[in-house]
Each structure stands twice: as structure tokens, then as C-alpha cells.
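# Chains, contacts and geometry: an overview
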Amino acid sequence: MKPQGAEPQDVQQEKIEPALSAEQALAPPSQRMVILRRLAGPLFSVAMLCLALWALHLLAKEVDYHQVRKYVNRLSRPRLLLAALFTALGYAVMTLYDRYALISIGRKLPWRRVSLISFISYAFSNAVGMSLLVSGSIRYRFYIQNGLTTAEVAKVVLFCTTSFWLGLLALTGVTLLCIPLPLDFPMAPLRMMAELRIPIAMALTLVPLLWLAGGLLHRPLRIFRLRINMPSVSTGFRQILIGAFDWGLAAAVLYILMPDQLNNGFGHFLAIFVIAQIAGLISHVPGGLGVFEAIMLAGFGATGNEALAAPILGALVVFRVVYYLLPLCGAIVMVLQREARGIREKSLLSPWFTGLLPSFFAGLTLVSGAVLLFSGATRALPNRMEMLREVLPLSVLEVSHLLASVIGMLLLILARGLQRRLDAAYVLTLILLVAGAIFSLLKGIDYEEATLLTLLAMALAPAHRLFYRRASLFSTTFSLGWILAILAVLSCAVWLVTFSFKHVDYSNSLWWEFSFHEGGAPRALRALVAAAAAGMLFALASLIKPVKLHREPPTETELAQALPLIKQFPSAQAHLALMGDKTLLFDAEHRAFVMYDIEGRSWVTMGDPVGANEDVRRELVWAFLEQCERAGGWPVFYQVSPADLDLYLEVGMNLLKIGEEARVRLDGFNLDGKSKKVLRNTVNKLGRDGLRLEIVPAEAVAALMPQIKQISDAWMGDKRGREKRFSLGAFDPRYLVRTPMALVWQNDKLVAFANLFLTETREEASVDLMRFLPDGPTGIMDYLFVELMQWAKSEGYRWFNLGMAPLAGLQNRRQAPLWNRFGALVFGRGERFYNFRGLQRYKDKFDPEWEPRYMAVPGGIALPMILTNVASLIAGGLTGVVRR
């Protein structure tokens, strides 16, 4: 189908499982309703596909496969060339969508570049459907690389979608007003539309007219709280004209290919065509497959008319190839050329690049698997079978046909593994592509399929470094959408078998018939059952394997295993794992871990994966993501560093800047100069008053715990607050005895303490829990920080980490993302809830270097709930969010 309009989508990384997990089944009713709403869309699409295939079966029950192929073979070359010419004109018109969209937002890009982006996006979305997901994501990747902001890309997509629908509605309305429809349609919905033709046509035409009228308004149109800036009348007319011209050219392509018996004129044909297209769009079936064909057959009265139904089906098949498949192949070649050029220019390290190719190869593998299944469900060409009969034993032919279909099903499954960057999936896919090419030749000299599989194997072979994960394919989660895609391909294969061999009467003996010329139906049945059995065996193997969801607090053994990794990690914040309030997820060999906690549906990690091996840390991100998917949770990576952003971009997550971390370079730290006068005077004064710093090892902390607890209780009583958690330590003797302690004495009285985070590599030192007596000397925290930095400097540490200033560094500019503008507003005016500015000013007097920190989140409408969950997790509850 043509690209669909904006349809609500959850984001690329929020997967939906095929059945409710135990956690989801015990969820509150409101949460279960959310899950059911997510299932409704994909299930509706599959139901519509099945109904369409059943309608096709009824409408074309008298049609023979040979009749369809005969009409296709008889199509003249001039008609095919003319159809290809109109297809090229249609895709040229589609580039005007993007061109005028860019003009409307005041951006200018080279015409060739805009045409390339538009062609690729429409070639994929026309063939696959789901334009918001397919065309929108392609535009996003390409336009972002060409300097557009996220908001500008969204405006471009909205402009194109609006133009698409305005053109379709205008063309449909005008056509129905001018062209009468017969009242004897075999389908009840079509009969009703014919009876109500005039009211429907007027309603459809009214929509673009109202759009033009809105252009006369000199102010934004308000619909509830939504503000819509209406385009000018000239811009709106241009949108309608481009959309209508695009649809008219698409109809012309099919009209050229239709049989000569349909002599009612282009107007009557156009009316049926646009109605069938709208039906396909409403069904949400990818590409409108089956729905469009069924409406076209019914609309032209082909029911029971074998002489008319076969040519129409043949024309529809060729239309799919010319208008959808050929542009898709051209777009694939262009993408491969573009990415090959990127490899030569060393752009493989770009997160956008590495995020594109695995999904691209996964899509091609999915298509290749479908091709093998569809080939196994149809008859082989007689002349090729005659050639095989002379050189090949029958047993080899039968086994090759069976295995080719099984390989097709396995490629559908392995495509998901490629999308998840699994090394095993890469190796198996290469092997099966080569094997599939060989079996395609042996089962019917299908050199077209063999060429496709070979080319894909050659393109995939050099890309091994993109598939680095060593995880098991059986542990990979399959989203509901992916499962339904596999079932849809299998359903189409079943329909093809019934259509191709409807002249063969079924009997149990068919399963045991083996023959070169008369064995087509038995071979197709056996291959289809074998492919389905392969899919079921994989599903059973995946279900039988137990799923371990590690949600318990870490044991002493796990903390002991984590400690060496923590000490060797460059960031001292990894010591927060020793708090024991976060679950630790290790890799299989305990070379790295992530620490996380759960609040609501949000599974939140604290910081980046901890470990030295980069590949292991990357695999942990995938493992955590898949664990969240199995539990139906939202994966969130909190307070991650810029150095590791590619880990999260590769798995398709979005990044939000949440603040900046202050780090003092110790080799240049001193109290000299006018800017340090206040600090210098404070430290000197407190030194004269008898204050001194003592560093005690972790082994000696337990003996001091009674005195430390008195200071903590007094400090908490004075602040009248509650203990924070997750990103900060709390007073817990079991935690404090695991780290060294900095003590501040005034003569013989303990007045302040802070536990220390010290890395064995001397890369960074930091503090976590800092408390002092409320009646202690003024400036005691300044004294503690300065003395600690001087001590760390003398011990050879490079950095002293002062922690993060939340929301610092976010810009409230007009072109800034909405999150940045909101964060900057809270930073400037949120002192009632948290001392944002004061905290940044306090840390700034130590002359730190500020480094941004981010939160990696799944996109979509879940973001507000994720932010609420993270705030509640850190504050120790929702009530703690609004208290200092």
C-alpha cells in the first residue's frame, strides 16, 4: 500500500511479549488494560489479513494458478515499460512532499539529497507499510545527519502525512461525486458505499476544503489544548494537488496492466482503486496485502467470473512487482552504496551507522525467508522440471524442496537474531543463505531466488564485526510484532498452497506421492508442514528454557565478586553497588555487572556497566534490555557518561541530559589566588580551632560505628528529612564498613564523617555519605572537601569527583528539545523542591571540570511515567520528591 498516515506507535525498543508474563498477569487492571491495548493493534492487523486471504479464496475459487501466470506472460513489453515509466513519475512526484515540507519549515537541502531520502523512505514504506515506523525512522536518520533537529524532522513527517491524506481524500471525494458506482457489488460494505455515494463523497471532499479554509485564519487554530499553525491557502492547495497527482499516477500504473475487458473508462477504475486503497490503509495490514486485492476483485465483479478474475489477479501481481518490489530493490541498492561509502570514510564508529545495518540485514533476511516459503508453496516451471529430470534423482529433488522451505522458516527466526546483533545468528544466516541458494537450484532451477540469497550472503559476509554478541539465540525475546510477522508470512504461504493447487483433490495419499511432474502438490504440503514444524520446535525450545529474573538484593558472595571490578573501574561511583540495595546482573564469567533497582515498571540501572572488557559491557546492556522485555518492564540507564553513549544508541534508546558532574583535576588543585581566598581562610581558621582530618581503612570503621551513628542521627534530626537512596548512599552499618572513612576531629571529639570511594587505579576518589554535627563549626564541609582533595592529591589520585548537579547545563533556548527547556525551567525556578542552583554554585567554587550526564530511556508516551519512577526511586518514595 501507499504509506499510511500517522498511527500511534510505541517506540522501537519497547517490546511486547506474545503472552502475559507472571508479573503482567498479576498487574493491576489498569496496567492489564494498557497491555491489552498494545496487543489489540497487531492482532487486528493479523485478523484483517486472515479475513482478506479468506475473501480472496472465495472470490477467486474458480481461478487456476496457470491462468494467472498465462496472463502475466502475455503482457506486452510496451505495457510493462509504460507501467514502469508511470511508476518512475509517481516516485518523482513523491519527492515533492519532502521538498515543500522543507520549504515550509525554512530549511534548504540539495535537491538530489532530498530526492534520495524521499525515494528510499517511500520505497520502503510503500512495500512494508507502517509509514510512521518505517518512513518516519528513515527520514529521521537521514535528516538528522543533514542538520535538522528532531522537531524539524517531526514537522517534515507531519507535512508529508497530511499531504498524503489530503490528496487521497480529495481525489476519492471528487471521483465519487463524478462517477456513479454500480449497486450490485458482491460485498455488503461496497453496496452500502454505492448507495451512500453522494453523502460520503461530500464528506470526504469537505475535509480538504476545510483545510484550505483554515489557511485564511491569521492565527493558530485551537482544538482543546492543541495549537495548529494552519498553512497558507497556496501551501494547502499545493499539498492537495501533490497528493492527488501521486495517487492518480499510482492508479494509472495498475490501469495500464489491467485486462482489456474492463472498458468502463479510467474514472470508474479510479473510483474502485481509491476505495480499495483506503480499505487497505484502514486494515493496517502491511502493504494492504490481500485487502486491496479482494476489494479490486469484488469491485470489478470478478466473483465467479473465471475469465475476468484471473487477468485481474495477474495484473495485481505485476502491479505489486513494478510499483512496490522494483523500487524497493533500487532503494536497497542505494542504501548499500551509501553505507559502503560510509565504511570507506571510517564512519563505522558512528552510532547511527551501526544502528542501521543490523536492522537492514534483518529485514532482507526476513524477505529472503518469505521468498523461500512462497516458492515452496507454488508450482515449479514445467520446462525446468523436465531439465532436472534428466540429471537429478527424484530423491534429491524432494529433499531439496523440503529443506528449502525449512531454511525459509529458519531465516525468519534468524532475522530477529541479526536485529539483536547475535554472532551465532550471523554465522547460521550465512550458512543457510548459501544452502538455500543451492537447494533453490536443485528443487526447480530457481536461479532468481538463488541469486537473491547469494547477493545477500555476499553483502552480509564483510559485516561480521557488527554482530558481536555471544548470547544464545534461544534466549532472544521475540516481540509480538515479530511473531505476528512470521505468522503472517506462514499464513500467506498456506493461502498460496491452496490457490496454486486448488485443482488437486485432497486425500491422505497425497502425502506419500513422489513424482517429477505430478508431485507438486504433495511436495508443497510436505514443505509447508516441515517449515511450520521447524518454527514450532524453536518456539518450544525457547519456552522450555527457564527464564531467570534476578531481582533479589545481592548476596555477600556477589558483593565480594563485584568488589575487584569496582576497584578497577575508572569511575568511583561504581562503589554504590556496595550499598546492597540494588540487584547485580553479572555476565556469565563475572567480568562485568550492572546494578539496578525497580520502581513501577521502570528497571533503572545506576551508571554504566562496571567492568574493563568493552565487549562484555556491551553484551550486558543487551542482556539487561532483554531481561526487561521478558518481565514487561521499561529499561532505563541512569546517570551514564558521554564515553559510553554508543552502548545505548546501538540498542535504539533515546538520551536525555539530566545534569553535569563536577570533577576536580587534582594535579592543578591548590588554594592559591584571589578566587580561593574564602576557602583558604576557612581551612586555616578551622585548623587553628583544632580540626584535623583522619583517614581510617574499612577494617577500622566498625569500631567507630557508635560515634558515627550519633552524628548521623543528629544530622537527620536537624534536616527533618528522609534517607535518599539508589544514586546516593544511606546510613547502613553494613554498607559503611565496606569503604574507608574520612573523619574530622575537633581535638578529641568527632564532628563529621564521610565514607570514601577510592579506585585502586588512582584514577578517581570521591565521597558518598557526608554528615556533621549541627552545632559543629561553620564551614566544616568546606574543610572536609579541601583536606580530602589535598590528601587524594598526595596519594596520587588524578580526579576528585564532587558528584552530579541535577539539571545543570540544560539550555532553555527556542530550538532546544522540550526536555532541555523543561529541565532548564525547573533548574531556574525549582528551589522550592530542591536547591539546584545552590548545589551547582557550591561545587563550582572548587573550580571543577563539568561533564554531562545522561539518562538512556525508551521513547514514546512512557517517558513521563519513567521520570516519575526514577524520581521516586531516588527520593525514597513519591512524598520524598517534593521535600528538600
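Since this is a predicted model, take the numbers as computed values, not measurements.

### Quick look at the overall build of the protein chain
Summing up its helical and strand segments, the protein chain has 31 helices and 14 strands in all. The buried share of the protein chain, reckoned over its 884 residues, is 54%. Restricting to contacts in the protein chain with at least 6 residues of sequence separation, those with at least 24 account for 76%. With the model as given, the accessible surface of the protein chain reaches about 40,000 Å², and the carbon-plus-sulfur share is 63%.

### Topic: the pairing of strand β5 (residues 602-606)
Of all the five residues making up β5, five are buried; the element is thus mostly covered by neighbouring parts of the structure. Both faces of β5 are covered, namely the face carrying Ser602, Val604 and Met606 and the face carrying Trp603 and Thr605. Judged from the four bridges that link them, strand β4 (residues 592-599) and β5 form a sheet pairing that is antiparallel. Looking at β5, one finds that Tyr596 is bridged to Thr605. As judged from the five bridges shared by β5 and strand β7 (residues 634-640), these two strands associate in the parallel manner. Considered in β7, the bridge of Ser602 is made with Trp634.

### Here we look at the environment of Gln277
You can see Gln277 is positioned in helix α11 (residues 266-283). Taking C-alpha positions, Gln277 is 9.6 Å from Trp247, a pair spaced 30 residues apart along the chain.

### Section: the packing of helix α4 (residues 77-104) against helix α7 (residues 150-178)
In the contact formed by α4 and α7, the axes pass within 9 Å of each other and the chain directions differ by 130°. The orientation of α4 with respect to α7, classified from their angle, is oblique. The chirality of how α4 crosses α7 is right-handed. Contact residues: α4 offers Tyr97, Asp98, Tyr100, Ala101, Leu102 and Ser104, while α7 offers Val156, Phe159, Cys160, Ser163 and Phe164.

### A few points about the pattern of salt bridges
For the structure shown, the criterion picks out 33 salt bridges. A salt bridge links Asp446 to Lys443; the nearest nitrogen and oxygen atoms lie 2.7 Å apart. Taken individually, Asp446 and Lys443 each receive the classification buried, so the pair is uniform in this respect. Two residues, Asp713 and Lys709, come together in a salt bridge whose shortest N-O distance is 2.9 Å. Here Lys709 and Asp713 lie together in helix α25 (residues 705-719), a separation of four residues that amounts to about one turn. Taken together, the shared-partner salt bridges in this structure form one network comprising Arg384, Lys443, Asp446, Glu448 and Glu449.

### Here we look at the packing of helix α9 (residues 197-214) against helix α10 (residues 233-257)
Axis separation between α9 and α10 bottoms out at 8 Å; the angle between their running directions is 155°. As summarised for this structure, α9 and α10 are arranged roughly antiparallel, according to the angle between their axes. In the packing of α9 onto α10, the handedness of the crossing is right-handed. Note on element contacts: α10 touches α9 through Val233, Gly236, Phe237, Gln239 and Ile240, opposite Pro208, Trp211 and Leu212. Its residues assigned to classes, the contact of α9 with α10 shows six nonpolar, two polar and no charged.

### Regarding the pairing of β4
Within β4, seven of the eight residues are buried, leaving the element largely enclosed by the surrounding structure. When strand β3 (residues 583-586) meets β4, the two strands line up antiparallel, connected through four bridges. From the neighbouring strand, Phe586 faces β4, where its bridge partner is Phe593. In textbook terms, the turn of a hairpin is the stretch between consecutive antiparallel strands, and for β3 and β4 this stretch comprises five residues, one of which, His590, has a positive phi near 55°. Direction of pairing for β4 relative to strand β6 (residues 610-611): antiparallel, over a ladder of two bridges. Within the sheet, the bridge partner assigned to Phe593 lies in β6 and is Val610.

### With respect to a nonpolar patch on the surface
A contiguous nonpolar surface patch, about 310 Å² in accessible area, is contributed by Val317, Val321, Leu325 and Leu326. Looking at the secondary structure, you find Val317 in helix α13 (residues 306-344). Among the residues examined, Val317 registers a relative accessible area of 43% and is labelled partly exposed.

### A closer look at the side chain of Thr378
Tracing the backbone through its elements, the reader meets Thr378 in the loop between α14 (351-376) and α15 (382-391). Given a relative accessible area of 18%, Thr378 falls into the buried group. Side-chain polar atoms of Thr378 contact the backbone oxygen of Phe374, separated by 3.3 Å. Side-chain polar atoms of Thr378 contact the backbone oxygen of Ser375, separated by 3.2 Å.

### Topic: α4
Given a rise of 1.5 Å per residue, 28 residues ought to cover 40 Å, and the 41 Å separating the end C-alpha atoms of α4 matches this to within 8%. Taken together, the buried positions of α4 are Ala83, Thr87, Gly90, Tyr91, Val93, Met94, Thr95, Tyr97, Asp98, Ala101 and Leu102.

### Quick word on the environment of Ala577
Summarising the element assignment, Ala577 is placed in the loop between α21 (556-568) and β3. When the C-alpha atoms of Ala577 and Tyr596 are compared, they prove to be 9.0 Å apart, with 19 residues separating the residues in sequence. Every residue in contact with Ala577, bar those within four places of it in the chain, is listed here: Leu559, Ile566, Leu584, Phe593 and Met595.

### Some thoughts on the packing of aromatic side chains
Taken as a whole and judged by the stated rule, the model has 28 aromatic pairs. Measuring from centroid to centroid gives 5.5 Å for Tyr426 and Phe467, while their planes differ by 20°, and the two rings are stacked. Separated by 41 residues along the polypeptide, Tyr426 in helix α17 (residues 423-444) and Phe467 in the loop between α18 (447-460) and α19 (480-500) bring together distant segments of the chain. For Phe467, a relative accessible area of 1% corresponds to the buried category. The ring of Trp111 is capped by Arg99, whose NZ or CZ atom sits 4.7 Å from the centre of that ring.

### Overview of α21
Its 13 residues place the ends of α21 19 Å apart at the C-alpha level, agreeing with the 18 Å of an ideal helix rising 1.5 Å per residue. At Ala562, α21 shows its maximal kink, close to 30°; a proline, Pro564, follows between one and four residues later. Those residues of α21 lying buried are Leu559, Ala562, Leu565, Ile566 and Lys567. Along its buried surface, α21 packs onto β3, β4, β6 and β11 (749-758).

What counts, and where the lines are drawn
Residues numbered from 1 in each chain as written. Predicted model: local features only at pLDDT ≥ 70, side-chain atom pairs only at ≥ 80, totals over all residues. Heavy atoms only, no water. Helix = DSSP H or I, 4+ residues; strand = E, 2+ residues; numbered from the N terminus. Buried < 20%, exposed > 50% of the residue type's maximum accessible area, 1.4 Å probe, protein only. Contact = heavy atoms within 4.5 Å. Areas by Shrake-Rupley, 256 points an atom, 1.4 Å probe, with all protein chains shown as cover. Pairing = 2+ DSSP bridges. Axes fitted to C-alpha atoms, helices over the stretch in contact; angles between N-to-C directions. Parallel < 35°, antiparallel > 145°, perpendicular 65-115°, else oblique. Left-handed = near helix turned anticlockwise from the far one by under 90°. Salt bridge = Lys/Arg side-chain N within 4 Å of Asp/Glu carboxyl O. Nonpolar A, V, L, I, M, F, W, Y, C, P; charged D, E, K, R; others polar. Patch = residues over 30% accessible without salt bridge, like charges linked within 9 Å, V, L, I, M, F, W, Y side chains within 5 Å. Polar contact = N/O pair within 3.5 Å; in protein donor to acceptor, adjacent residues only side chain to side chain. Expected span 1.5 Å × (residues − 1). Phe/Tyr/Trp six-rings, centres within 6.5 Å; stacked < 30°, edge-to-face > 60°. Lys NZ or Arg CZ within 6 Å of the ring centre and 35° of its normal. Bend = angle between axes of the 7 residues up to and from the residue.

Taken by themselves, the reported measurements are silent on function.
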